[in-house]
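Structural description and commentary
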Amino acid sequence: MANYYDVTFNTIDGKAFIKRNVASDLPATKVWQDACEKIEADNLYIMMNDKTLVNLVRHHIVRIDMTELDTPLEKRARRQDQFFNTVNSLANIGL
């Protein structure tokens, strides 16, 4: 089962490019590869949305951060738990 990540590419000039909700089965240290459309020796190509393709020069990237997210099933389960907790709390106070 794939894990979901937000991958942030930090550049030497202080900018950050964030690719959100990247599904990956790769080990955590290689997730950034799934965020890229194409990987070349000198460039990384990242599709930021349906219309924007970003070209990053590899030697300008200083750091890549990967933040693991909850899977859609976990999000749905937590939302249901929050709903049931709210209903239970309201029932306990008589509403």
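To be clear, the structure that these remarks concern was listed above.
As the structure is a prediction and not an experimental result, all values here were calculated from the model. (Residues numbered from 1 in each chain as written. Predicted model: local features only at pLDDT ≥ 70, side-chain atom pairs only at ≥ 80, totals over all residues. Heavy atoms only, no water.)

**Section: the sheet that holds strand S3 (residues 38-39)**
Here three strands make up an open sheet; going across it, the order is S3-S4-S5 and the pairing antiparallel. Both outer strands of the open sheet, S3 and strand S5 (53-57), are each paired with one neighbouring strand and no more. When S3 meets strand S4 (residues 43-47), the two strands line up antiparallel, connected through two bridges. Residue Lys 38 lies in a different strand from S4, and its bridge partner there is Tyr 45. (Pairing = 2+ DSSP bridges. Helix = DSSP H or I, 4+ residues; strand = E, 2+ residues; numbered from the N terminus.)

**Quick look at the pattern of salt bridges**
The tally for this structure, following the rule as stated, stands at four salt bridges. The partner of Lys 38 in a salt bridge is Glu 40, with the nearest N and O atoms 3.1 Å apart. Given the relative accessible area of 45%, Lys 38 is considered partly exposed. Among the residues examined, Glu 40 registers a relative accessible area of 28% and is labelled partly exposed. In this structure, Asp 65 engages Arg 63 in a salt bridge whose closest nitrogen and oxygen atoms are separated by 2.9 Å. (Salt bridge = Lys/Arg side-chain N within 4 Å of Asp/Glu carboxyl O. Buried < 20%, exposed > 50% of the residue type's maximum accessible area, 1.4 Å probe, protein only.)

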